[in-house]
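Here's the letter readout for the chains.
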Amino acid sequence: MDNEETKVYAPVESTRRRRQQAARLMESEQGGVVPRASDTAAYQPVRRSALKSAEGTLPRAETEETADETEFDDIVSGGAAPRRSARAGLSGLSSERASDTSIYEPLRTRRREPQKYEPSDAYNVIYKKDKSQGLANASKRGGRELTEMPEYFDEKYRPAKKKGDGGNRGGSGALISFAVLLVVLLGLASLLGGVYGYAEINRRDAINEAVDLAAAAQSASEAVYLWVLSNWMVLAIGGAAAVALGFALISISRHAVRNHLRHRTASFILTALIVVSVLGVGGAYAVDTFIMKNDMFANGMIWTKGKADSAIEWIAGKLGGNGTPVDFTATPTPKASNTPAVSGFYVDSPDLRDLTAPIQFTIRTNTAATSIRIIDSDGVVRAELMGEDSFLEQNGVRAWKANVQFAERYGGTLQAQAGSAAGWNTDGSVIDVFIGEPDPTPTPVPTPSPTPSPSPVPTAEPTAEPTPIPTPTPNPFVLQDPTGSENTLPDNLLTKTAILKGDGTEILDYLASKDVVFGAPEDYNKVKGVPILRGVSTFRGGPFRQNAAYGTAELTEFKPEIIWTRNIGAIEGYTGVGWTGQPAIVVWPKEVREMMNIEPAKQAKEALREVIYATMDGKIYFWDLEDGEPTREPINIKYPMKGSVTIHPWGYPLMLIGQSVSILNDGRGAIGMHAFNLIDQSKLFLLLGTNKAANESSGAFDASALIDPKTGVMVQTGENGLFYLSDLDINFSAADKTLTAASAPETVTYRYSAGTGKTGIEASPAVYGQYVYFADASGVLQCVDMKTMEAVWAADMGDNTDATIALEVEADASVALYTGNTIFNRKQNSDATIRRLDALTGEEVWQFNIRCDYNSQAMGGVVASPVVGKNKLDNLVYFMVSRTSDGGTLIALDKKTGEVAWRTSTEKYSWSSPVAVYNEAGDGWIIQANSEGKLAIYDGLTGKELGSVKLEGNVEGSPAVFGDILVVGTRDKKVYGVRLK
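Worth saying up front: this structure is predicted, and the values here are computed from it rather than measured.

**Describing the overall build of the protein chain**
Stage number 1. Looking only at helices and strands, one finds 11 helices and 56 strands in the protein chain.
Stage number 2. The buried share among the 981 residues of the protein chain stands at 52%.
Stage number 3. Within the protein chain, contacts between residues separated by at least 24 positions form 62% of all contacts whose residues are at least 6 apart in sequence.
Stage number 4. In the structure as shown, the protein chain presents an accessible area of about 44,200 Å², 52% of it carried by carbon and sulfur atoms.

So, in structure tokens, the structure goes:
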């Protein structure tokens, strides 16, 4: 390029080098110098054709076209500012003419309105964006990058301050940052408060006890605390909204902060704001994780309460003088009440557990109580006191002392009740009592009978078994033998049957070596009429599969209350609790509980009610019914379980559970029935479900087994289409604290074929005497004699039958069988049919049809198992029907006629089985959950909805109830403890 006309200047690498180049350049020109910013306020380039060629001005181009051919000329005289060609296209350069005295302003790097600059040692105008490359890489036009650029070398510039801009923006940006930071911090505080409140409100029992012991009911801190608990939802939602708003403000204001705050302080504020927000959200998650999953606060409260209880007991013992706790000394004065209430129930002599001495109890009540009584689990009054001489009163609390003498061995609970003219009331507290023989001897001592018996009294056996549980006497339950009828002959429906050994070898002329005979359903967990294992020990409670509730509950408010929540997990797509998913809730005999690996704090608890729940995350959990705290570590079989656990009905530490899935993304494993020793949670055996001799390939066991306690034989059905009798060979010794069982149980199976289709069995077997009843995926329902393993009768129910059969022996000795089918096989909208059959013949007594919608993902029809009404609901049977015109329908039918007593919509479909709860007077309520998590209470006689509570997730599993506490899990990976009030 020509030095006179076309010389241009390129960016340099440093300020020092630029200044050196500027000095040499100015010396080489004709005395011209680059105007300084101090001489002229600003400079603006003009078009080459508009300038004179005289000294001090830029040379004029011959033509406009010539000017277009060149990009930039050097300064040739007078230090005139450079100009650009019309084609160069640098944004921000004016193309208008200027006089010789025109001023110029520096080039800018962005396409904006020209800005004026003032001198500053802190800012370089030309290189403000990229000091290493200059404007060469910062300015483009039309896709062509400028490689040559004139630049000023003398001064550094910064934008001149303008009203409302420039220098003022630092303050406004800082204000924006401060406001956003404040919003986010307040939001995080609110969110953390909500998480805290949510965690604590689910542990209020332990907290309230600790608060009571600390006598802080009226403190200012408690007022704040209670406000947080009552407003946790508002705090959580408000906090989350505030955090979201804060991040939105960050997004909106980031441009202003980045471009107008030119200080490190502003950058620091913005960075800190983002970091605090991220850490705040992470902190909220951590708090939720540790408090909810590890129960840190609840454990602390339990520890505090334990220490406080120990201190109170020591002080009370000193005050009592004889070691007898004076419990009411540590109790705050209760509020005045006209209703008698029990505030405490304690055993004063916990080590006396034999027939030789009475047991003394202390019952605390309010001043409205004029009498107290102690009743056992069968409702028998064991002690009763009344009058002013029966109690001591102090600080508004009455302490009663009552003695109970047992005349025979007893295993069960005792409950204290407070009475007045208004009636009897209790706080629900119970004490577990196990009364054994004082000094067992090899020769049994006959128990005198209060009245002569017309039958000969059996003589004692010459040798006694070294077991704490005696050999039961013959059950008076009168059994009848099913015979079938002409319409239900097995040959009418079954094409082939076979009896097989465990290895698949067929057995001819089979006759069982052990008589497997179940007595009355109410005696399933009893010996000599005494409950050995109290609670719900198997799906739907026992061999008749009628209900899943134990004890009574006084419902008056009809406001079910969530008292605890446990988080569980998932395996791949198998989440939470599935169908049938019912927990067991049991009170172990004291001598059995003490040998188990239960947590020490729970081990020492009187009448520990243990929840045992198998879930689809592959784990079996153990929790305290009252507070949901773990009683021991879970058992992990690593594969999903959809069914329900079964506990030995006599309280032996033996548990059975079926596995539902064996094929996962990481491979395939074994599948079958698992048996565990609950002394140490070790596995006893796995009975494989994959059987080459079976009609179906599935090895799953979704059904819940039954155990005959007298013979130790397991009764079970599998999805492979087989019916199982397995001799578990159980040996239990309380003295030696040992339990053994066969590692490979001797098993006999019943296989059959029918022309109706698949024979897989998902419903649990029901048993009457020595006869078992089950239905399969094709709708074939059978009665099989377990003595001979032959079908007595068979009937076609018309479609897949998943709901477990329910049985009942009525007052006229008739045996009713209730069942319902789905519309699964028909694959179209159709009628689901509810039936009552004669269990002795298989003949249909009545049927009820209800229209259902077909859905391949959510089965329509009767999937839930029925409830057989008792007490004041004795004339009704209850069914839950899915995917009806109402979404889901809960229906009550007359047992005798099948007529509808009432029906009500559950709004959404449900696979969860209903459960019935009764009070002492015999009033009954039906509790039903649906697929949207609604758990509702209905009047058993009218169907009126009385109250409900919302759970998170689809409730596919079936609830179990012990007393007034219900336990149920959802597909949302949660298990709830709900108090029924």
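What follows picks up the thread again.
**Considering the packing of aromatic side chains**
Stage number 1. Tallied over the full model, the rule gives 17 aromatic pairs.
Stage number 2. Ring geometry for Tyr-550 versus Phe-962: centroids 5.0 Å apart, planes at 40°, classification tilted. Highlighted residues: Tyr-550 in strand E18 (residues 549–550) and Phe-962 in strand E54 (residues 960–962), separated in sequence by 412 residues.
Stage number 3. With a centroid separation of 5.1 Å and an interplanar angle of 15°, the aromatic rings of Tyr-621 and Trp-623 are classed as stacked.
Stage number 4. Take Trp-623: its relative accessible area is 2%, and that puts it in the buried class.
Stage number 5. Ring pairs connect the aromatic residues Phe-723, Tyr-750, Tyr-752 and Phe-774, which therefore count as one cluster.
Stage number 6. The positively charged end of Arg-373 is found above the aromatic ring belonging to Trp-424, 4.3 Å away from the centroid.

**Some points on the pairing of strand E44 (residues 830–838)**
On a regular strand, each side chain points to the face opposite its neighbour's, so the side chains alternate between the two faces of the sheet.
Stage number 1. Of all 9 residues making up E44, 7 are buried, and the element is well covered by its neighbours.
Stage number 2. Where strand E43 (residues 815–820) meets E44, 5 bridges bridge the pair, whose relative direction is antiparallel. What sits directly across from Ala-816, in E44, is Asp-838.
Stage number 3. Relative to strand E45 (residues 844–852), E44 is paired through 8 bridges, and the arrangement is antiparallel. Residue pairing for E45: Ala-832 is matched across the bridge by Ile-850.

**What to know about the sheet that holds strand E14 (residues 494–501)**
Pairing between sheet strands relies on hydrogen bonds along the backbone, with the strands arranged either parallel or antiparallel.
Stage number 1. The 5 strands lie next to each other as E14-E37-E34-E33-E32, forming an open sheet whose pairing is antiparallel. On the outer flanks of this sheet lie E14 and strand E32 (706–708), each paired with one strand and no other. Averaged over neighbouring strand pairs, the angle between their axes works out to 15° when direction is ignored.
Stage number 2. Note: E14 against strand E37 (residues 746–754), 7 bridges, orientation antiparallel.

**Concerning the pattern of salt bridges**
Stage number 1. Applying the stated criterion to the full structure yields 30 salt bridges.
Stage number 2. Between Lys-602 and Asp-627 there is a salt bridge; the shortest N-O distance is 2.9 Å. In this pair, Lys-602 sits in helix H11 (residues 600–603) while Asp-627 sits in the loop between strand E24 (619–624) and strand E25 (635–636), placing the two residues 25 residues apart along the sequence.
Stage number 3. In this structure, the salt-bridge partner of Lys-710 is Asp-708, at a minimum N-O distance of 3.1 Å.
Stage number 4. On the basis of relative accessibility, which here comes to 0%, the residue Asp-708 falls in the buried class.

**What about the nonpolar core?**
Stage number 1. Grouped together as the largest cluster of nonpolar side chains are 46 residues, with contacts concentrated most on Trp-588, Ile-612, Ile-620, Met-655, Leu-656 and Leu-678.
Stage number 2. Secondary structure elements with two or more residues in this core: strand E22 (584–587), strand E23 (609–614), E24, strand E27 (654–658), strand E30 (672–677) and strand E31 (682–688).
Stage number 3. The leading source of residues in this core is E27, at 4 residues.
Stage number 4. Setting aside anything within four residues of it in sequence, one finds Ile-612 in contact with Pro-583, Ala-584, Val-586, Trp-588, Ile-620, Tyr-621, Phe-622, Val-645, Ile-647, Met-655 and Leu-678.

**Quick word on unusual backbone geometry**
Stage number 1. Geometrically, the link from Trp-579 to Thr-580 is a cis peptide bond, its omega value of 10° lying close to zero.
Stage number 2. Residue placement: Thr-580 occurs in the loop between strand E21 (574–575) and E22.
Stage number 3. Residues other than glycine seldom take positive phi values, yet Lys-638 does so here, at roughly 75°.
Stage number 4. Considering the arrangement of structural elements, one finds Lys-638 in the loop between E25 and strand E26 (646–647).
Stage number 5. In the Ramachandran plot, Met-789 falls in the positive-phi region, its phi being about 60° despite a non-glycine side chain.
Stage number 6. Mapped onto the elements of the fold, Met-789 is located in the loop between strand E40 (780–785) and strand E41 (790–796).
Stage number 7. Owing to a relative accessible area of 1%, Met-789 belongs among the buried residues under this scheme.

**Considerations on the pairing of strand E56 (residues 974–979)**
Stage number 1. Burial of E56 is extensive: 5 of the 6 residues sit out of reach of the surface.
Stage number 2. Taken together, the 6 bridges between strand E19 (residues 561–567) and E56 define a ladder with antiparallel strand orientation. Across the sheet, the residue bridging to Trp-564 is Gly-977, located in E56.
Stage number 3. When strand E55 (residues 965–970) meets E56, the two strands line up antiparallel, connected through 6 bridges.

**Description of the side chain of Asp-785**
Stage number 1. You can see Asp-785 is positioned in strand E40.
Stage number 2. The charged side chain of Asp-785 is buried without a salt bridge, its nearest counter-charge being Lys-787 at 8.2 Å.
Stage number 3. Polar contacts involving the side chain of Asp-785 include one to the side chain of Gln-770, which spans 2.9 Å.
Stage number 4. Beyond its immediate stretch of four places on either side in the chain, Asp-785 contacts Gln-770, Tyr-771, Glu-790 and Val-792.

**What about the side chain of Asn-677?**
Stage number 1. Tracing the chain through its elements places Asn-677 in strand E30.
Stage number 2. Excluding anything up to four places from it in sequence, Asn-677 contacts Pro-653, Ser-682, Leu-684 and Leu-739.

**Here's the deal with the sheet that holds strand E49 (residues 900–905)**
Stage number 1. Across the sheet, 4 strands lie side by side as E46-E47-E48-E49; this open sheet has antiparallel pairing. Edge positions in the sheet fall to strand E46 (867–868) and E49, since each has one partner strand and no second.
Stage number 2. By the bridge criterion, 2 bridges tie E46 to strand E47 (residues 876–882) in an arrangement that is antiparallel. In the strand pairing of E47, Val-867 is matched with Tyr-878.

**Structural notes on the environment of Ile-499**
Stage number 1. For Ile-499, the position within the fold is in strand E14.
Stage number 2. As a C-alpha pair, Ile-499 and Met-789 span 290 residues in sequence and 6.9 Å in three-dimensional space.
Stage number 3. Beyond its immediate sequence surroundings of up to four residues, Ile-499 is in contact with Thr-505, Glu-506, Ile-507, Tyr-510, Val-748, Thr-749, Thr-788 and Met-789.

**Considerations on the confidence of the model for the protein chain**
Stage number 1. On average, residues of the protein chain carry a pLDDT of 75, and 61% of them reach 70 or more.
Stage number 2. Predicted confidence for residues 438–476 stays below pLDDT 50, and this span has 26 contacts to residues more than four positions away or in other chains.

**So, the environment of Gly-969**
Stage number 1. With respect to the helices, strands and loops of the structure, Gly-969 is situated in strand E55.
Stage number 2. Sequence separation between Gly-969 and Val-955 is 14 residues, and the spatial gap between their C-alpha atoms is 6.6 Å.
Stage number 3. Sequence-distant contacts of Gly-969, that is, excluding residues within four places in its chain, are made with Val-577, Tyr-613, Val-955, Gly-957, Lys-974 and Val-975.

**Concerning the environment of Pro-589**
Stage number 1. Its place among the elements puts Pro-589 in the loop between E22 and helix H10 (590–593).
Stage number 2. Through-space distance from the C-alpha of Pro-589 to that of Tyr-652 is 8.9 Å; in sequence the pair is 63 residues apart.

Calculation rules
Throughout this document, residue positions are counted from 1 along each chain, in the order its sequence is written. Reporting in this predicted model follows two pLDDT cut-offs: at least 70 for local features of residues, and 80 or more for side-chain atom pairs to be given and counted; totals over whole chains, interfaces and linings ignore these cut-offs and use all residues. Only hydrogens and water are removed before side-chain values are computed, so all heavy atoms of the structure are retained for them. Each helix is a run of DSSP H or I of at least 4 residues and each strand a run of E of at least 2, with the numbering of both proceeding from the N terminus. With a 1.4 Å probe rolled over the protein chains alone, any residue whose accessible area is under 20% of its type maximum counts as buried; one over 50% counts as exposed, and the rest are partly exposed. Here, residues are in contact when the closest pair of their heavy atoms is within 4.5 Å. Note on areas: Shrake-Rupley, 1.4 Å probe, and residue coverage restricted to the protein chains presented here. Centres within 6.5 Å are what make two rings of Phe, Tyr or Trp a pair, Trp counting through its six-membered ring; a difference in plane orientation under 30 degrees is then read as stacked, over 60 as edge-to-face, and the rest as tilted. In this scheme, Lys NZ or Arg CZ marks a charge over a ring once it lies within 6 Å of the ring centre and within 35 degrees of the ring normal. Here, a strand pair is defined by DSSP locating no fewer than two bridges between the strands. For helices, the fitted axis covers only the stretch in contact; all axes are lines through C-alpha atoms, and the angles between them, taken along N-to-C directions, range from 0 to 180 degrees. By convention in these notes, a salt bridge is any Lys or Arg side-chain nitrogen within 4 Å of a carboxyl oxygen on Asp or Glu. The definition of a nonpolar core used throughout is a set of buried Ala, Val, Leu, Ile, Met, Phe, Trp, Tyr and Cys residues joined through side-chain atoms within 4.5 Å. Under this rule, positive means Lys or Arg and negative means Asp or Glu; His and the chain ends count for nothing. Pairs of N or O atoms are called polar contacts if they sit within 3.5 Å, as long as, within protein, a hydrogen donor faces a hydrogen acceptor (for residues adjacent in sequence, only side-chain-to-side-chain pairs). By definition, pLDDT measures how confident the predictor is in each residue, and it falls between 0 and 100.

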